[in-house]
Structure formats: C-alpha cells, structure tokens
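So you can see what is in the structure, the chains are spelled out below.
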Protein chains: 2
Amino acid sequence: MSLRSHETIPVEIGLADVEAAATRLAPWAHRTPVLTSTTLNERSGLDVYLKCENFQRVGAFKFRGAMNALLQLDEERRFHGVVTHSSGNHAQALALAGRLLGVPVTIVMPRTAPAVKMAATEGYGARIVFCEPTLAAREAAVAAEMREHHLSLIHPYNDWDVIAGQGTAALELLDQVGRLDAVIVPVGGGGLASGTAIVAKGRAPAIHVIGAEPAAADDARRSLETGSIQPSGDPRTIADGLRTSLGARTFAVISRHVDEIVTATDDELIEATRFVWERLKIVIEPSSAVVVAPLLRGGLSVPGERVGIILSGGNVDVGPFFDLLSKRH
Amino acid sequence: MSLRSHETIPVEIGLADVEAAATRLAPWAHRTPVLTSTTLNERSGLDVYLKCENFQRVGAFKFRGAMNALLQLDEERRFHGVVTHSSGNHAQALALAGRLLGVPVTIVMPRTAPAVKMAATEGYGARIVFCEPTLAAREAAVAAEMREHHLSLIHPYNDWDVIAGQGTAALELLDQVGRLDAVIVPVGGGGLASGTAIVAKGRAPAIHVIGAEPAAADDARRSLETGSIQPSGDPRTIADGLRTSLGARTFAVISRHVDEIVTATDDELIEATRFVWERLKIVIEPSSAVVVAPLLRGGLSVPGERVGIILSGGNVDVGPFFDLLSKRH
C-alpha cells in the first residue's frame, strides 16, 4: 500500500515554531546535557556530541512533544482530556505531561503490552484502555474514546505540535555545541527526525541530516526511495521504539529535509548498546543505539568532523540484570 | 590488631597540593560532568549534585591519583618503571597512565582475579605478576619486583601524590556547582575520601564531609570510633572497591577532616545501584552506590540542602545482561 494521497502535504511548521516550543517547554522539560567520549571519537575518527535525551523526563525525548502539544490545547480541550495509542515512551510522556497540567489522559494499549509499561503509565495517573493488538482495533478504540468522552488525540508523531516539541532537543544541542557538520537522529514514526531536520536545516542548511533506522524496519529508507510512504509492517527488531511507519506529516518533512538514511542490523544495535553502557557508562535503550552503530561501523560520509547524535531514550528493563546480581551475590 | 604507631603521622599535603595536581592533570584527565536528577532530589528532599567519575578515563576516579603520582616521578624512576598491587580500578588506571607517559607498569594480582580484569589491565600494556591471594604473598611479590627491577611503588591509596590526585575530583565539583553544604564520598582505602576532605575543609570548613562505606566493611567507622586503624579483614560485600582497610596516611586525614561515617547494607547498595541505572540512566558500580543509598534511605543530617556526591566508578561486568538480551531476542 502506498499512501500517494499523503505525499504532497505541505510542511506547516518551521524553525520559529520549534523556537516557540522551546520557550514554552523551558519550565517543564530538562535541558539535557551533551556528553563527549574520547573512546567514541577514537573509534569513529570524528568529534561526536551526544545529546542525552535518555536523561529527559520519563527517560526519553517524547516528553518534549507530548508536553508541547498539551500546552497548546485550549481550556475546553484540556478539561475533557486527551487520548493516544502507545505502549511505549509516548504513553508515559503524555501521562506525565497530563499529570503536571491537570489534563486527564487516556492511553489505548494492546492487551499484550508488557506489564512493566502498563504499571509505569498508570503510575503517572493515566487511564488505560486495552484493545486487541491490531491496527484496526487500536484505531477503533481511539475513535470510540474521542467520540464518547470528547477527548483530543495527541498522536505520537504525526502531529505538528509534537514534531515542534521533539525539535527542541536539536535546538538545545546546537546551542550547546555551537556548530555541527552533521547530525544523526533515529527514525521511527519520524517525529524526532522531523523536528531535528527542521532545526538543522533552519539553522544551517549545510548540516548533513542523517536518519538512522533498524535494517529490519527500514521503511523510511524505502519511503524516500520510492517517494511514497512504505508501511513497516510488523518488523522484528530489538529496537522496539523504531518499528512504526512514517505518517503523512513526518514523511513530508523527512522527504524534504533528511539527506540520507542509514541502517543498522540488530546485531550491530546490541553491540552498540553494549559499547555505550560499558565504555560511555550511560544507559540507553537499543533503539537509541541506532545512531551509534553507524559510528562504530565506520564508512559514514560526513562533510566535516563535528557530528551530533541524539540518544533518544534509556528505558530498558534492567530487572534481569539485577536479579542475576542479587543471586550471584 | 591496631596500628598505634601510625596514628599520629602528620598530614603532609593541603589544598595547594590538590590545586597543583589539578594543573598537572589538566591535559590528561577528563573534567567530568556534574549531573542533577529531579527524581533523586524528590526522593532525598535535597539538592544533589552528582560528580560523575564513572565517566573518568578507565571508568573511575583512580586515573587521577595514578597519573598525578607518575607525573611527579623523576626521569630515573620513570625509566625503571612502577609497580602496584591491585586487581581493580587502580591497576587499570596505573596501566593507562604508564602507557600515556611511556613508563613501564607492573601489576601484582592474585591468581584468583577475574579474567576480565586481567585482560583489561593487559590491554593497557601493563605486565602482570601473579601471586597467591594472601596479603603476605602480595607484599612479598611487590617487594621482590621493587628490589629486582628497581621499580617504584605507586600505592593505591596510602600515598600523598595519589591522595592529592584523587582530591581533584572534589575541586572540580566545587568549581562546577559553586557552593556545597555537604559532600558524601565512598571510603575504601581512603584515598578519594582523604583528597575530598582536604579540598572541602580547605575551601570551606563548614562543608560537612561524610564518608560512606558498606556495613559489611565498616572499618573506617570503627577506626574513627576507636582512634586507631581497624583492619577490615576479608569482608563479604558486593562493593568490591571498598573492601580494603585505611592506611596510615588516609587514616591521618580522615580522622582529622571527615565529620561522619555512614554505612549501607548490601541490599541497600543493590537497590541504590538499580535506582541510578533505571532512573538516572547512568552506569555505576555497586561501590559507587554507597553514596546514593543514604540519600534514598533518608534521615541524613546535613547543614543545608546542597549535597555533592562523588560517583566513584562505573566498571561493572554487563556481559550477563547482554547475553540475556541476545538470547531473548
């Protein structure tokens, strides 16, 4: 299926919208640090700047977009509340944003979602509605919630306010490091990649914008090649945050502003995750490693040495490790 | 056994020595970042500043002391080389410092040391000499190396140059955060605690200096209570970096400049390590968690809200976690 009707929608936001989002988010989101690593620089032959969104609230960049979207709702919509479908970081991000602003949040989740994700989302005070684990069931459940409870949909990525919010990470990164020759950003549904590309090209068109995705979920690469949104299907990859397809809005931005898509196999993702834990001493989730793997593999063609990468999140279940640690001890 | 003859040795270094060490180390050691965490602040009711020595070269503060000691050796001693006994972070730190300066490094290690530690130390180009896993065998092996190969001993902690080097972490921390009401530092052999205490009291005598150690290896607490060095014996604790007893020099500093010793059980150490991994998204070793556990437990009596903690290192074997991850995938 190719969604040709969506291909040519205009890009409705620009750098100024991301800058406005940054002002809006300043009291709420963390200005996350940028780290550097001698080891990573030596391995890659580049000067790499790591924007640590794993240190963001709820452990992922998703808080930026969710909060920006809620902050732009009018009073009536805030009163009725919002709904989204997600079993991942967007669910927790929206739940926390709602709690902070007093906006009721409903999350539609497949019955098969991990218990730990449900608990985390409920822990932020959101109401969970379960559905069968199919796209049709999910969309029906969201539509029913919107209709019956007058809820506003906050889409995980195909939403201009969400995209503008996600772009604030790249805005901070550029402010923090001054100048970049290239930026590498993960591509799942494309919200973070779109926001990042808008900022990079808006600030300095020469910045080479590289989207990174799992080889097993390379729908963005295929979409750019064919010129129309290619669905990702139900890909098997350890990068659980990057299994989704692009939306009409994110495809519109990415096809205009992303220069190149690179991919990494799951073996490379596991190796890169381990590299970051062992050598850089920070916890990232395998989805984040998609921007590190190309640096370890080498052969990236970038127009200069200063490369920013956005580490999207750090939510990974470390329970099994600590079970082992307790037992062995 | 109490080492009364050592109790009254003078403290031969002060703030100026640590400041000189900082200048000496500037081209070599990382100026590690200070992180903050809303979650940790909420849990502890304090403003906590985390000095991330897990991001230091070799993944631990130990590089500071080892490098400072090597940089102060004269040409002849550098030519012959140095020796130490360690199966932990000091071994790797000295090995790297030696490689950077072209100084031959010999490490005496018990035959029972983990293969991964041996490999890491050899990876930095050090020569390893094995001994039986007893104190007597270790001391005999070191003495033999010193005699036969004219090697200089770089003790892991009972050495003024090493102590001055370790103090540079606290110096940076104070420069980075401006002012602190208290600082919490792990106590193993006491090198980091001594350097930190010299800096804190040298800069602002009102800073409350808290040493933290495992409940199962509370030799520093007992040493301060009895007024003489109490050996730690062969304690069973997951905090493998904190099993050693104080030396004469570190006891001299700690008994003068450390205001209080707090302890944490191994269960608390595992819980605190997990908290830091899961919520703060950084990798620390269980020994580092000894400064976090008292904050999670609460009840700390500190004269103000601004508390600095020194996260000493992040060297922990994550292999079993990634074996699980690969298998489950």
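Note that the structure is predicted; figures quoted are calculated from it, not measured. Chains are numbered independently. Their residues run from 1 in the order of the written sequence. As they are written, the chains are lettered A onward and the ligands numbered 1 onward, keeping that order. Selection of residues for local features in this predicted model requires a pLDDT of at least 70, selection of side-chain atom pairs for listing and counting requires 80 or more, and totals for whole chains, interfaces and linings are taken over all residues. Where side-chain values are given, they derive from all heavy atoms of the structure, hydrogens and water being excluded.

1. Describing the overall build of chain A
Helix and strand definitions here come from DSSP, where helices need a minimum of 4 consecutive H or I residues and strands a minimum of 2 consecutive E residues; each element is numbered from the N-terminal end. The helix and strand inventory of chain A stands at 14 helices and ten strands. Atoms counted for the radius of gyration: C-alpha only. Globule rule: 2.2 Å times residue count to the power 0.38. In terms of overall dimensions, chain A is globule-like: its C-alpha atoms have a radius of gyration of 19 Å, near the 20 Å expected for 329 residues. Along the longest, intermediate and shortest principal axes, the C-alpha atoms of chain A span 55 × 55 × 40 Å. Exposure is judged per residue with a 1.4 Å probe applied to protein chains only, and the accessible area is read against the type maximum: over 50% gives exposed, under 20% gives buried, and values in between give partly exposed. Counting across all 329 residues of chain A, residues that qualify as buried make up 61%. Residue pairs in contact within chain A that sit at least 24 positions apart in sequence constitute 72% of those at least 6 positions apart. Each accessible area is a Shrake-Rupley result for a 1.4 Å probe, and residues are judged covered by the shown protein chains and nothing else. For chain A, the exposed surface amounts to about 12,500 Å²; the carbon and sulfur share of it is 49%. Charge counting treats Lys and Arg as positive and Asp and Glu as negative, with His and both chain ends excluded. Lysine's charge is taken at NZ, arginine's at CZ, aspartate's at CG and glutamate's at CD. Of the side chains in chain A, 32 bear a positive and 37 a negative charge, and the two mean positions are spaced by 3 Å. Every residue pair with non-hydrogen atoms within 4.5 Å of one another is taken to be in contact.

2. Side note on the sheet that holds strand E1 (residues 34-35) of chain B
Residue and element names in this part refer to chain B. The pairing criterion for strands is at least two bridges between them, as found by DSSP. Strand order across the open sheet formed by six strands is E1-E2-E10-E7-E8-E9, with mixed pairing between neighbours. Each having just a single partner strand, E1 and strand E9 (260-264) make up the two edges of the open sheet. Two elements, strand E7 (residues 182-186) and strand E8 (residues 208-214), share five bridges in a ladder whose sense is parallel. Paired with Val183 across the bridge in E8 is Val209. Every axis corresponds to a line fitted to the C-alpha atoms, with the helix fit spanning only the stretch in contact, and the corresponding angles, defined between N-to-C directions, vary from 0 to 180 degrees. Seen against the sheet, helix H10 (residues 219-226) touches E8 and E9 and runs at an angle of roughly 150 degrees to E9.

3. Observations regarding the interface of chain B and chain A
One frequent convention defines the size of an interface as the accessible area lost when the parts assemble. Between chain B and chain A, the contact holds 33 residues from the first and 33 residues from the second. Summed over both partners, the interface of chain B with chain A buries about 3,100 Å², with 72% contributed by carbon and sulfur atoms. Just to be clear on terms, a salt bridge is a Lys or Arg side-chain nitrogen sitting within 4 Å of an Asp or Glu carboxyl oxygen. One can count zero salt bridges joining chain B with chain A. At the level of secondary structure, the elements contributing two or more residues to the side of chain B that touches chain A comprise helix H12 (266-280) and helix H14 (319-328) of chain B. Note on residue classes: Ala, Val, Leu, Ile, Met, Phe, Trp, Tyr, Cys and Pro are nonpolar, Asp, Glu, Lys and Arg are charged, and everything else, Gly too, is polar. Looking at the side of chain B that touches chain A residue by residue, the class counts come to 16 nonpolar, eleven polar and six charged. Each of two parts loses accessible area, computed with a 1.4 Å probe, when they are put together; buried area is these two losses added.

4. Describing helix H1 (residues 15-25) of chain B
All names here are of chain B. Turning to H1, its buried residues number three or more, namely Leu15, Val18, Ala21 and Leu25. Looking straight down H1, one finds its buried side chains confined to an arc of 120 degrees; they lie on one side. In H1, those exposed residues whose orientation departs by more than 90 degrees from the buried face are Ala16 and Thr23. What the arc measures is the spread of directions leading from the helix axis to the C-beta atoms.

5. Description of the sheet that holds strand E6 (residues 152-153) of chain B
Residues and elements named next belong to chain B. One open sheet accounts for four strands, arranged E5-E4-E3-E6; its pairing is parallel. The sheet is open, and its two borders are formed by strand E5 (127-131) and E6, each paired with just one other strand. Bridge count between strand E3 (residues 82-85) and E6: two bridges; the pairing is parallel. The residue of E6 that forms the bridge with Val82 is Ser152.

6. Some points on the domain arrangement of chain A
Residues and elements named next belong to chain A. Domain annotation of chain A identifies domain 1 (4-60 + 159-311) and domain 2 (63-153). A straight line from the C-alpha centre of domain 1 to that of domain 2 covers 24 Å. Each side of the interface is counted separately: domain 1 has 24 residues, and domain 2 has 17 residues. Each partner contributes to the roughly 1,700 Å² buried at the junction of domain 1 and domain 2, and carbon and sulfur atoms together form 58% of this total. Looking only at domain 1, the three residues that lose the most surface to domain 2 are Arg24, Trp28 and Val58, adding up to 38% of its buried area. The salt bridge partner of Arg64 is Glu172, with a shortest N-O separation of 3.0 Å. Contributing elements (two or more residues each) for the side of domain 1 that touches domain 2: helix H1 (15-25) and helix H8 (160-177). The split into domains, and so the bounds of each, comes from an automatic or database assignment of domains.

7. Regarding the UniProt feature "domain: Tryptophan synthase beta chain-like PALP" (unreviewed entry) in chain A
Mapped onto the present numbering, the UniProt feature "domain: Tryptophan synthase beta chain-like PALP" (unreviewed entry) falls on residues 30-313 of chain A. Taken end to end, residues 30-313 of chain A comprises 45% helix and 17% strand; its first and last C-alpha atoms sit 13 Å apart. UniProt positions are given in the numbering used here, feature names are shortened, and annotations may be inferred rather than shown by experiment.

8. Re the environment of His85 of chain A
All names here are of chain A. By the secondary structure assignment, His85 is in strand E3 (residues 82-85). C-alpha of His85 to C-alpha of Ala141: the two residues are 56 residues apart in sequence and 8.9 Å apart in space. Once residues lying within four places of it in the same chain are set aside, the contact partners of His85 are Val108, Arg138, Val142, His155 and Pro156. Within the local environment of His85, its side chain forms a polar contact with the side chain of Arg138, the two groups lying 3.5 Å apart. What qualifies as a polar contact is a pair of N or O atoms within 3.5 Å, subject to a donor-acceptor requirement within protein and to the restriction that residues adjacent in sequence count only when both atoms come from side chains.

9. Side note on the side chain of Glu213 of chain A
Residues and elements named next belong to chain A. Among the secondary structure elements, Glu213 is positioned in strand E8 (residues 208-214). Here Glu213 is buried and forms no salt bridge, its nearest opposite-charge partner Arg221 lying at an N-O distance of 5.3 Å. Only 2.7 Å separates the side chain of Glu213 from the backbone nitrogen of Arg221, close enough to count as a polar contact.

10. Digging into the packing of aromatic side chains
In this analysis, rings of Phe, Tyr and Trp, with Trp reduced to its six-membered ring, are considered paired at centre separations within 6.5 Å, and the interplanar angle assigns stacked below 30 degrees, edge-to-face beyond 60, and tilted for intermediate values. Under the defined criterion, the tally for this structure stands at eight aromatic pairs over all chains. Centroid distance Phe321 of chain A to Trp277 of chain B: 4.8 Å. Interplanar angle 20 degrees. Geometry classified as stacked. Taken as a pair, Phe321 of chain A in helix H14 (residues 319-328) and Trp277 of chain B in helix H12 lie in two separate chains rather than in one. Like Trp277 of chain B, Phe321 of chain A is buried.

11. A closer look at the pairing of strand E5 (residues 127-131) of chain A
Residue and element names in this part refer to chain A. Here five bridges tie strand E4 (residues 105-110) to E5, and the two strands are oriented parallel to one another. Bridging across to E5, Val108 finds its partner in Val129. For the crossover from E4 across helix H6 (residues 115-123) to E5, the handedness is right-handed. Seen with its strands pointing away from the viewer, a crossover is right-handed if its path from the first strand over the helix to the second goes clockwise.

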